[in-house]
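# Observations on chain architecture
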Amino acid sequence: MNTQQLFPQRDLVRFAAQALAARGVPREDADLTARSLVQADQRGIYSHGLLRLPLYCEALRLGGINPAPKLKFSKDQGSVAVLDADAALGQVAMQAAVDRVVRVGREQGIAAVAVHNSSHYGAGAFWSDQLAEAGFLSFITSSTGPVVAPHGGTSKVLGTNPLTLGVPSASGWPLTADLATSNGAYGKVIAAKNEGTQLPEGWAVDADGKPTTDPVEAEKGSMIPFGGHKGSAVAVLLEAFAASLTDATFAFETVDIWSNPASRMNNGHLVIGLDTAAFAGSEKTASRVAALQDRVRSSGPGGQPVDAPGDPERRRQEEAAETVPLPPSTVSQLAALAEDLSLSPLETHSAP
């Protein structure tokens, strides 16, 4: 039975921004972060949506996240830069990084920003979409808290180490891959625990290293990388890409705000953008990518459609353009947050 409830998109953005502002976040930063979270829910990525708003607010209250950071480019040299985010919301740090990649990439053809002293930045496609809109191919990754054991291991050495790749296209929306390098996002473990549901098989092991579908046991144990030893290798390398260029901490050196909201995680992010105008030209690249997308979509047996990467999420966003479905546990948490912050509660409507 579908017990999700529908909310007007604008109301969710307004509520999230008000909640963050109540914790001292400047209005522009609060609006940015709110839009990032709500877009994730619109796309059905509930692990990166408003599920995280109470966590952000608690971390802001306890000092794990700095509501009014002083971002500083400690190195700003040609096409590369290092950004000290001063424990900012990850969305605030990433917007500064993406803006610089576009500005400098227009001049240099390529630009990269390595970020440290940051926190969770939401769904990666929120950033790759901005870069694609500007005509850039993008590579984005981040370190996270320790939740993943390498292939053959049982210790939480790695984060979920997301990888986001985006390419502009003339076919409606960008070609996008946005994924955790664990078999599932850690937020989905939290969501399953909140909803009282089980995890898919193959996502996690318990504290003894035995496979489990119980999200509570998965929290005590570890998640595992996708793709066996190959996926584990990708996860390890992304950890290096995200954290070794700066003073960011590796996952095994980090205390996750899920376990201690007062922890300053010092996440590292890496954003690389290539301006398609500096290569074959933006129109030509977008046209060729559209041809690739269309060929993928028409590759099914008997003319049956196939999704190109990013298609399912974009369809969900179009369907949820005005009203957004939320899981019941998230609805309950938002109601508790409204009471805690003395905000007007969201008005709910049962989904048909």
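Here's what I pulled together on the structure shown here. Predicted model only: the values in this text are computed from it and were never measured.

The next point concerns the overall build of the protein. Per the secondary structure count, the protein includes 11 helices and 13 strands. Taken against the 2.2 N^0.38 rule, which gives 20 Å for 352 residues, the C-alpha radius of gyration of the protein at 20 Å falls within 12% of a compact globule. Across its three principal axes, the protein shows a C-alpha extent of roughly 55 × 55 × 45 Å. A buried classification covers 54% of the 352 residues belonging to the protein. Counting contacts in the protein only where the partners sit at least 6 residues apart, residues at least 24 apart contribute 68% of the total. Total accessible area computed for the protein in this model is approximately 15,400 Å², and 52% of it derives from carbon and sulfur atoms.

In this section: the sheet that holds strand β9 (residues 211-212). Read from one edge of the open sheet, 3 strands run β9-β8-β10, paired in antiparallel fashion. Looking along the sheet, the strands with just one partner apiece sit at the ends: β9 and β10 (222-223). Relative to β10, strand β8 (residues 204-205) runs antiparallel, the two being bridged by 2 bridges. In the strand pairing of β10, V205 is matched with S222.

Overall, the coordinates contain 3 aromatic pairs when judged by the stated rule. Between the aromatic rings of F139 and F241, the centroid separation amounts to 5.7 Å while the plane-to-plane angle is 45°, which identifies the pairing as tilted. In this pair, F139 is assigned in strand β5 (residues 136-142) and F241 in helix α8 (residues 228-243), connecting sequence segments 102 residues apart. In this structure F241 comes out as partly exposed when scored by relative accessible area, which is 37%. Their ring planes at 15° and their centres at 5.7 Å tell us that F250 and F252 sit as a pair that is stacked.

What follows concerns the nonpolar core. If you look at the biggest cluster of nonpolar residues, it comprises 57 residues, and the most contacted ones within it are L50 and L53. Those residues in contact with L53, other than ones at most four positions away along the chain, are F15, A16, A19, L20, L37, L334 and L337. Counting 15 residues, the second largest nonpolar core, distinct from the first, contains L51, L158, A218 and M223.

Empty space within the second largest pocket amounts to approximately 170 Å³. Along the walls of the second largest pocket sit K75, V80, A81, V82, A112, V113, A114, L245 and L270, which together make up its complete lining. Sorting the residues of the lining of the second largest pocket by element identifies β3 (80-84) and β4 (110-118) as the ones contributing at least two each. Among the residues making up the lining of the second largest pocket, the classes are represented as 8 nonpolar, no polar and 1 charged.

It is worth spelling out unusual backbone geometry at this point. For A87, which is not glycine, the phi dihedral falls at a positive 65°. Secondary-structure assignment places A87 in the loop between β3 and α4 (90-108). When its relative accessible area of 3% is taken as the criterion, A87 is described as buried. Although it is not a glycine, S342 adopts a positive phi angle of roughly 60°. With respect to the secondary-structure elements, S342 resides in the loop between α11 (328-341) and β13 (349-350).

Before going further, it helps to spend a moment on the pattern of salt bridges. One pass over the structure, following the stated rule, counts 13 salt bridges. Put simply, D31 and R27 hold a salt bridge, and the shortest N to O gap is 3.4 Å. One end of the pair is D31 and the other is R27, both in helix α2 (residues 27-42) and 4 residues apart, which spans about a single turn. A salt bridge links R43 to D129; the nearest nitrogen and oxygen atoms lie 2.6 Å apart. Taken together, the positions of R43 in the loop between α2 and α3 (53-62) and D129 in helix α5 (residues 125-133) put the pair 86 residues apart, joining distant regions of the chain. In this structure, R43 and D129 share a single accessibility class: buried. When salt bridges that share partners are traced, they join R43, D129 and R314 into one network.

Cut-offs used in this document
Residues numbered from 1 in each chain as written. Predicted model: local features only at pLDDT ≥ 70, side-chain atom pairs only at ≥ 80, totals over all residues. Heavy atoms only, no water. Helix = DSSP H or I, 4+ residues; strand = E, 2+ residues; numbered from the N terminus. Rg over C-alpha atoms; globule rule 2.2 N^0.38 Å. Buried < 20%, exposed > 50% of the residue type's maximum accessible area, 1.4 Å probe, protein only. Contact = heavy atoms within 4.5 Å. Areas by Shrake-Rupley, 256 points an atom, 1.4 Å probe, with all protein chains shown as cover. Pairing = 2+ DSSP bridges. Phe/Tyr/Trp six-rings, centres within 6.5 Å; stacked < 30°, edge-to-face > 60°. Core = buried A, V, L, I, M, F, W, Y, C linked by side-chain atoms within 4.5 Å. 1 Å grid on protein atoms, 1.4 Å probe; cavity = no way out; pocket = protein on both sides within 12 Å on 5 of 7 lines; lining within 4 Å. Points joined across faces, edges and corners; volume = space filled by probe spheres on them. Nonpolar A, V, L, I, M, F, W, Y, C, P; charged D, E, K, R; others polar. Salt bridge = Lys/Arg side-chain N within 4 Å of Asp/Glu carboxyl O.

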